[in-house]
Amino acid sequence: MVQYLEGLSGSSRAALIHACLSQVKGPHLILFQDKEEAAYFYTDMVSLEGSPERVLFFPSSYRRSVQYQQTDEANIITRTQTLRRLSERRVASFIVSYAEALVESVVSKKQLGESTLEIKEGEKIDMSFLEEVLQTYDFELVDFVHEPGQYSIRGGIADVFSYASSHPCRIDFFDDEVDSIRIFDTDTQRSLETVKKVNIIPNIQWEHEMGEKRISFLEYIPSGTTLWMDNPELITDHVQVLYDRTELG
């Protein structure tokens, strides 16, 4: 069933869709023509929810446009977090995205799972094995991590900046057992929180370079999801134009 609504602008769109959640169960996918509109809407939804826990944002990997091929690490992290969340089927009421983000294909759920190393407190893991996996994931060995895709090892401590998190993690080992896992700030080196487990995921753009099979982001969306589109014709036209340009490029 298709419904058309007119006369909505600003935060009224978020308020209406948020109110519909009580009547229309299941996830809601909301699509916009551009990043700015999507970002404003996402902020409104988080404010209405009171927490970002059930509101997911799926941006483009690129800083400006897919045409310029200049990736943005913060966007890649957000994309990876959203894909991981959807692959785990954890409850998400709202998923917000826009045309340019949909043009990019993504790794399959199977490949994402195979490219994820989950480390838990208390488990036994050999440090050399961890380093071997990180090198396979194309992580860079540095003295001190400060950006995604880097790791450092000092004695029985491994710092890893995964593309699944906005902050790196510090894994403390006691012999070959994971003694503790802490999320820390790169500027102050202070711990932000202690966690029981962490997911180490490589750059999903790197997976593209490796030639793995890619799929549409929409294949991650659960069946029965309610779709909302702001100016459907403009979105579909914009997607087609972007697709044609990238194909020609």
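Residues numbered from 1 in each chain as written. Predicted model: local features only at pLDDT ≥ 70, side-chain atom pairs only at ≥ 80, totals over all residues. Heavy atoms only, no water.

1. Quick look at the overall build of the chain
Heads up, the rule is: A run of H or I in DSSP counts as a helix once it spans at least four residues, and a run of E counts as a strand once it spans at least two, with each numbered from the N terminus. Here the term buried applies to any residue with accessible area under 20% of the maximum for its type, exposed to any over 50%, and partly exposed to those in between, with areas from a 1.4 Å probe on protein chains only. In this analysis, two residues are considered to be in contact whenever any of their non-hydrogen atoms come within 4.5 Å of each other. Here the accessible surface of atoms and residues is derived via Shrake-Rupley with a 1.4 Å probe, and residues count as covered only by protein chains that are part of the display.
Scanning the chain for helices and strands turns up eight helices and 14 strands. Within the chain, the proportion of its 249 residues that are buried is 45%. Here the contacts in the chain between residues at least 6 apart in sequence split such that 62% fall between residues at least 24 apart. Summed over its atoms, the accessible surface of the chain is roughly 13,600 Å², and 48% of this surface lies on carbon and sulfur atoms.

2. Topic: the packing of aromatic side chains
Applied cut-off: When two rings of Phe, Tyr or Trp (its six-membered ring) have centres within 6.5 Å they constitute a pair, described as stacked for plane angles under 30 degrees, edge-to-face for angles over 60, and tilted for the intermediate range. Working rule: Lys NZ or Arg CZ, within 6 Å of ring centre, within 35 degrees of ring normal, means a charge sits over the ring.
Considering all chains together, one arrives at five aromatic pairs under this definition. A centroid spacing of 5.0 Å and a plane angle of 50° characterise the contact between F32 and F41, whose relative ring orientation is tilted. Residue F41 is classed as buried on the basis of its relative accessible area, which comes to 1%. Here the basic side chain of R170 rests over the ring of F184, its NZ or CZ set 4.1 Å away from the ring centre.

3. Observations regarding the pattern of salt bridges
A side chain with one charge can pair with a side chain of the opposite charge if their charged atoms come near. Our working definition: What makes a salt bridge here is a side-chain nitrogen of Lys or Arg within 4 Å of a carboxyl oxygen of Asp or Glu, nothing more.
In this structure the tally under the stated criterion is 15 salt bridges. The closest approach of N and O atoms between K120 and E118, which form a salt bridge, is 3.6 Å. For E118, a relative accessible area of 29% translates into the label partly exposed. In this structure, E118 engages K197 in a salt bridge whose closest nitrogen and oxygen atoms are separated by 3.6 Å. Here K197 lies in strand β12 (residues 197-200) and E118 lies in strand β5 (residues 117-120), a separation of 79 residues in the sequence. A cluster of three or more residues bridged by salt bridges with shared partners is formed by R13, E37 and D230.

4. So, the sheet that holds strand β14 (residues 226-229)
Stated formally: DSSP-based pairing: two strands are paired if at least 2 bridges between them are found. Inter-axis angles, ranging from 0 to 180 degrees, are taken between N-to-C directions of lines fitted to C-alpha atoms, where helices are fitted over the stretch in contact.
Pairing is parallel in the open sheet, where four strands are placed in the order β2-β3-β1-β14. What marks the edges here is a single partner per strand, and that holds for β2 (55-58) and β14. For this sheet, the mean inter-axis angle between neighbouring strands, taken without regard to orientation, is 20°. Examined bridge by bridge, β2 and strand β3 (residues 94-98) share four bridges and lie parallel to one another. Residue pairing across strands places F57 opposite V96, the latter belonging to β3. Each of β2 and β3 touches helix α3 (residues 73-87); the most contacted strand, β2, lies at about 130° to it.

5. Quick notes on the nonpolar core
Defined as follows: What is meant by a nonpolar core is a set of buried Ala, Val, Leu, Ile, Met, Phe, Trp, Tyr and Cys residues, joined one to another through side-chain atoms within 4.5 Å.
Counting residues in each nonpolar core, the largest one holds 42 residues, and the members touching the most others are I30, F41, L83, V96, F217 and Y220. Looking at this core, the elements with two or more residues in it are α1 (12-20), β1 (28-32), α2 (35-49), β2, α3, β3, α4 (99-103) and β4 (106-107). Filtering out sequence-adjacent residues up to four positions away, I30 remains in contact with I17, F41, F94, I95, V96, S97 and W228.

6. Some details on the side chain of R84
In plain terms, the rule: Between N or O atoms, a polar contact is any pair within 3.5 Å; within protein, one atom must be a potential hydrogen donor and the other a potential acceptor, and residues adjacent in sequence are included only when both atoms are from side chains.
Its place among the elements puts R84 in helix α3. You can call R84 buried: its relative accessible area is 16%. A distance of 3.4 Å separates the side chain of R84 from the side chain of T116, its partner in a polar contact. Not counting chain neighbours up to four residues away, the residues in contact with R84 comprise L112, G113, T116, N199 and I201.

7. Details of helix α6 (residues 127-136)
As a reminder, the rule being used: The arc in question is the one spanned by the directions pointing from the helix axis to the C-beta atoms.
Of all the positions in α6, only M127, L130, V133 and L134 are classed as buried. Down the axis of α6, the buried set is contained in an arc of 125°. They therefore lie on one face. In α6, the exposed positions that point more than 90 degrees away from the buried face belong to E132 and T136. Looking at the packing, one finds that the buried side of α6 touches β5, β7 (150-154), β8 (157-161), β9 (169-174) and β12. At the exit of α6 stands D138, carrying a positive phi of roughly 70°.

8. Some details on unusual backbone geometry
A negative phi angle characterises most non-glycine residues, just as the trans form characterises most peptide bonds. Despite not being glycine, D175 has its phi angle at roughly 60°, a positive value. Mapped onto the elements of the fold, D175 is located in the loop between β9 and β10 (177-184). Phi at Q189 is positive, roughly 65°, even though this residue is not glycine. By secondary structure assignment, the location of Q189 is in the loop between β10 and β11 (191-195).

9. As for the packing of α1 against α2
Selection criterion: Relative orientations are named as follows: roughly parallel for angles under 35 degrees, roughly antiparallel for angles over 145 degrees, roughly perpendicular for angles from 65 to 115 degrees, and oblique for any other angle. By the definition used in this description, the sense in which the near helix is turned from the far one sets the handedness, with an anticlockwise turn below a right angle giving left-handed and a clockwise turn giving right-handed. Residues are sorted three ways: Asp, Glu, Lys and Arg are charged, Ala, Val, Leu, Ile, Met, Phe, Trp, Tyr, Cys and Pro are nonpolar, and all the rest, Gly among them, are polar.
Interaxial distance between α1 and α2 falls to 9 Å at its minimum, and their mutual angle equals 50°. As summarised for this structure, α1 and α2 are arranged oblique, according to the angle between their axes. Relative to α2, the crossing made by α1 is right-handed. Contacts from R13, A14, A15, I17 and H18 of α1 reach α2 at E37, F41, D44, M45, L48 and E49. Taken together, the residues that form the contact of α1 with α2 break down as six nonpolar, one polar and four charged.

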